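Commentary on secondary and tertiary structure
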Amino acid sequence: MEAHTGDQLLTHGRTVGQQDRVAEIVEVLGEGGSPPYRVRNEDGHESIMAPGPDSVVRHTACRGGER
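Below is a summary of the structure that appears in this document. (Residues numbered from 1 in each chain as written. Predicted model: local features only at pLDDT ≥ 70, side-chain atom pairs only at ≥ 80, totals over all residues. Heavy atoms only, no water.)

1. Points about the sheet that holds strand S3 (residues 37-41)
Our working definition: Strands qualify as paired when DSSP identifies two bridges or more between them. Helix and strand definitions here come from DSSP, where helices need a minimum of 4 consecutive H or I residues and strands a minimum of 2 consecutive E residues; each element is numbered from the N-terminal end. Throughout, an axis means a line fitted to C-alpha atoms (over the contacting stretch in the case of helices), and angles, computed between N-to-C directions, take values from 0 to 180 degrees.
Taken in spatial order, the five strands make up an open sheet running S4-S3-S2-S1-S5, and their pairing is antiparallel. Unpaired on one side and paired on the other, strand S4 (46-49) and strand S5 (55-58) mark the two borders of the sheet. With strand direction ignored, the average angle separating the axes of adjacent strands in the sheet is 35°. Relative to S5, strand S1 (residues 8-11) is paired through four bridges, and the arrangement is antiparallel. Note that in S5 the partner of Gln8 across the bridge is Arg58.

Given below as structure tokens:
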């Protein structure tokens, strides 16, 4: 998993009816874009996350021709 500041971290709901959660990555703490990440949730709360297999990075901008 590789992310950059400004990307979104999408965590899928684990049970039926639980909505996916979206957080903005405000700081990458690992080397080369790897976790852990400091994230800001939709309610403004910030936390540090090491996402599991139920999470994906949604890149928000193109960087040097990559997406």
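2. What about unusual backbone geometry?
With an omega of 5°, the peptide bond running from Pro35 to Pro36 counts as cis. Position of Pro36 among the secondary structure elements: in the loop between strand S2 (21-28) and S3.

3. Describing the pattern of salt bridges
The condition is simple: We define a salt bridge as a side-chain nitrogen of Lys or Arg found within 4 Å of a carboxyl oxygen belonging to Asp or Glu. Only protein chains enter the accessibility calculation, which uses a 1.4 Å probe; a residue is then buried when its area is under 20% of its type maximum, exposed when over 50%, and partly exposed in between.
According to the stated counting rule, one finds three salt bridges in the structure shown. In this structure, the salt-bridge partner of Glu27 is Arg38, at a minimum N-O distance of 3.0 Å. Separated by 11 residues along the polypeptide, Glu27 in strand S2 and Arg38 in strand S3 bring together distant segments of the chain. Exposure remark for Arg38: the relative accessible area of 28% places this residue in the partly exposed category. For Glu46, the salt bridge goes to Arg40, with nearest N and O atoms at 3.0 Å. Judged by relative accessible area, Glu46 falls into the partly exposed class, the value being 36%. Residue Arg40 is classed as partly exposed on the basis of its relative accessible area of 33%. A single network of salt bridges, built from pairs that share partners, joins Glu24, Arg40 and Glu46.

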